[in-house]
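Per-entry structural report
Letter by letter, the chains look like this.
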Protein chains: 2
Amino acid sequence: MFTILPIKGYIDQIDGFFCDGIHAGLKPNGNNDLGFIYTKEPCTVAAIFTNNKFQAAPLKHFLQYEEGFKTNFVLINSKNANALTGKKGIEDIKNLFSKLDFDLHNPIMSSTGVIGNRLPIEKLVNGAKKFDLSAKSGENLSKAIMTTDAYPKTCMYEVKLENGKSFKIGAVAKGAGMINPNLATMLCFICTDADAPYEDIKNALEQNKHTTFNAISVDGDTSTNDTVLVLANKKSDAYDKDAFTEALRLVMNDMAMLMVADGEGAKKVAAFEVINAKDDKEAEIAAKALSNSLLVKTALFGEDPNFGRIASTIGASQVLCDDEKLVISYNDVIVFNKGEICFDSEVEKKAGDVLKNDKYKIICDLGIGSGKFTAYGCDLGYKYVEINADYRS
Amino acid sequence: MFTILPIKGYIDQIDGFFCDGIHAGLKPNGNNDLGFIYTKEPCTVAAIFTNNKFQAAPLKHFLQYEEGFKTNFVLINSKNANALTGKKGIEDIKNLFSKLDFDLHNPIMSSTGVIGNRLPIEKLVNGAKKFDLSAKSGENLSKAIMTTDAYPKTCMYEVKLENGKSFKIGAVAKGAGMINPNLATMLCFICTDADAPYEDIKNALEQNKHTTFNAISVDGDTSTNDTVLVLANKKSDAYDKDAFTEALRLVMNDMAMLMVADGEGAKKVAAFEVINAKDDKEAEIAAKALSNSLLVKTALFGEDPNFGRIASTIGASQVLCDDEKLVISYNDVIVFNKGEICFDSEVEKKAGDVLKNDKYKIICDLGIGSGKFTAYGCDLGYKYVEINADYRS
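Cut-offs used in this document
- Residues numbered from 1 in each chain as written.
- Chains lettered and ligands numbered in written order.
- Predicted model: local features only at pLDDT ≥ 70, side-chain atom pairs only at ≥ 80, totals over all residues.
- Heavy atoms only, no water.
- UniProt positions renumbered as here; feature names shortened; annotations may be inferred.
- Helix = DSSP H or I, 4+ residues; strand = E, 2+ residues; numbered from the N terminus.
- Pairing = 2+ DSSP bridges.
- Contact = heavy atoms within 4.5 Å.
- Axes fitted to C-alpha atoms, helices over the stretch in contact; angles between N-to-C directions.
- Phe/Tyr/Trp six-rings, centres within 6.5 Å; stacked < 30°, edge-to-face > 60°.
- Lys NZ or Arg CZ within 6 Å of the ring centre and 35° of its normal.
- Least-squares fit on C-alpha atoms with pLDDT ≥ 70 in both.
- Polar contact = N/O pair within 3.5 Å; in protein donor to acceptor, adjacent residues only side chain to side chain.

**Some points on the UniProt feature "binding site: substrate" (unreviewed entry) in chain A**
Within this structure's numbering, the places UniProt gives as "binding site: substrate" (unreviewed entry) are Thr-147, Lys-174, Thr-185, Glu-264, Asn-388 and Ser-393 of chain A. Among the secondary structure elements, Thr-147 of chain A is positioned in the loop between α4 (138–144) and β6 (153–160).

**Thoughts on unusual backbone geometry**
Residue and element names in this part refer to chain B. Positive phi outside glycine occurs at Asn-331, with the angle close to 50 degrees. With respect to the secondary-structure elements, Asn-331 resides in the loop between β12 (327–330) and β13 (333–337). Located in the positive-phi region is Lys-338, a residue other than glycine, with phi close to 50 degrees. Locating Lys-338 in the fold gives a position in the loop between β13 and β14 (340–341).

**Observations regarding the sheet that holds strand β16 (residues 371–378) of chain B**
Each strand in a sheet pairs with another by means of backbone hydrogen bonds, the pair being arranged parallel or else antiparallel. All names here are of chain B. The seven strands are arranged β9-β16-β11-β15-β12-β13-β14 in an open sheet whose pairing can be described as mixed. Every other strand in the sheet has two partners, leaving β9 (216–217) and β14 as the edge strands with one partner each. Relative to strand β15 (residues 359–365), strand β11 (residues 269–277) is paired through seven bridges, and the arrangement is parallel. The residue bridging Val-269 from the neighbouring strand is Lys-359, located in β15. The sheet strands contacting helix α8 (residues 294–301) are β9, β11, β15 and β16, and the helix crosses β11 at an angle near 130 degrees.

**Thoughts on the packing of aromatic side chains**
Residue and element names in this part refer to chain A. Under the defined criterion, the tally for this structure stands at 20 aromatic pairs over all chains. Judged by centre distance (5.0 Å) and plane angle (65 degrees), the ring pair of Phe-62 and Phe-69 falls under edge-to-face. When the ring centre of Tyr-151 is taken as origin, the NZ or CZ atom of Lys-153, which lies over that ring, is 4.5 Å away.

**Notes on the relation of the copies chain A and chain B**
Of the two same-sequence chains, chain A is brought onto chain B (RMSD 0.1 Å, axial shift 0.0 Å) by a rotation of 180 degrees. Given the turn and translation reported, the copies of this chain are related as if by a two-fold rotation axis. Among all residues of chain A, the one whose C-alpha sits closest to the rotation axis is Tyr-382 of chain A, at a distance of 2.8 Å. Residue by residue, 100% of the interface of chain A is reproduced at the interface of chain B, so both copies engage with the same surface.

**Comments concerning the side chain of Thr-85 of chain A**
With respect to the helices, strands and loops of the structure, Thr-85 of chain A is situated in the loop between β4 (70–77) and α2 (86–98). Of note is the side chain of Thr-85 of chain A, whose polar atom sits 2.7 Å from the side chain of Asn-82 of chain A. Ignoring any residue separated from it by four or fewer positions in sequence, one finds Thr-85 of chain A in contact with Ala-57, Asn-117 and Arg-118 of chain A together with Asp-323 and Ile-341 of chain B.

This is the structure:
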């Protein structure tokens, strides 16, 4: 349903995780709270972070390195976000790394969990000391960083270029709630052996985030820790800028779609496709308003084709619109057509049937200009409340 | 807890509804779907409406009259919003009024309910024809316009001026969900016998909406039908501009607080008091972000003093803030103090106890400037989902 754009060459989904020389795993006792990525040789690293003004300590720690630096170690914990911990939070990370006796080169930390608690350094050091750095399980790493996630999130692709050369790119991620544009609440670690320069990776991340992580919403909240990291060890001699950008987009899109489908109890993913808005910006405002509307989300949960809530949410978003021009459809079932309510019992049944699916489109044609944007949201039901009413305990 | 400002003279809560010569009631069969306000002599009427771009037909019908017009009849229905019905929706209203044989002077309609259905004119005419126009029950009117409201909402005050003269002012309202700043999703009918000029009423409405109806949020959605009407029959010769403005604010505040406390299953009302922000505008942005955050609302439902979500929501709202300056308290219990987490088990218990109350303050001192704003929100639990998953049926 979510179309894949063409690429120079071929891209195949493959088994396994990461690339030669990039290792990942979790604590040997199997507790899902601490994982790592270790690379034999330091990798080029590029990242994008949350726009939350209270950036967590691991993000500030990362930003203390010079842009374009290389790293060989990422330590990733769940249960504690190390956010709202001020300068002490950054000192805690440095202190932690000083107690590890691996050969560390510009180590990075990445955290998710409860905000407002100091890191339990001794516990983390004791766990990390026992890492098997030769482990190669991206899935284990993904499990280690789950918080309210219902399932681990991974993907892996091989890109075969027209010249016969190939590179790999894959990701592990966590993210289920607090998922809102800019970025979703999430950690995502992307590894590649492509021979990609730092600037290209950084630019491709920035270019792709708009239609992937920034287009999904679970609950309209944006966390303090959102991070997308790309590690490139350049073991392959294959590289093509356009193919790499597109493969990275595909990986980011896969992870974003897995997150929104896992939206803390969500059962449905809706693509809110706003077309013919005044411009792309207004289409984005309307589409994101729809994906964030509690009334829309609860109606999706109830499988209720209440198109009045769709229209009302568009109107409330303050974009240019006119009910004499508006067309609303659930997949191909038109429920409102330029001022004509075409919602008889037959149409209502057809629209209700669309909402019984796991995935569908809600298309809003504003009939004003040529702007378009698609945002992805999910339903919201009892489970979301259950998960979030007492997250800390 | 929500302080009342001083007034020139005295203001007393009194029994009864409305003023001499202003009548209200509902269908004689007692069905809660159709009510009216009837005044013996035409009243001055002023109104403020939703900023939703898809204003419902009754709002457009109102706006066809010349500003400052007088009316003697307001017909109010629930179950059908007459929204998204285009020009036909306005014609339906005119057609309906033409079939009533009362002595009508610039009649007004006000509707709430499902969006996207034509008005059932014959049913409404049959109901309205049986009105007892001498009825005087504001409470019955309030019941007639309830949709997802758990209780009717009314208030009545008598204002005694320093010169010994007095006037009355009271209101009936509906509103429980789709309550979001600009305006809350609501209908509110305020009647007064004060000798207030149209311009003063209109200005007082505009002035007071910011801290009352625009400061409350249940679910972040803004409806197509939000209306606040003031009817003034000027039977009293009492008037003082400041006292009237303040009495109107009090009435609007009462109705707003009843609405947010009735937030579709809500059990708690939180006053999100943001102080020492860069300016009042930024305080408002942060306070409204808090009152709209699903994560904050579900934590309130769980009585969980998860102050990390408070901080994260402030940071996500993009206002100027700094964790080394931020102080967060639940009533008088400080849980975060300028970079110091003071959240030991004793503080956690005290903060948790605050959240067991029905009403409390969450105070966020940003420590940046002198801007302040208080927004009012409620918790969100299973009941909200139940009410909204299939509202139409």
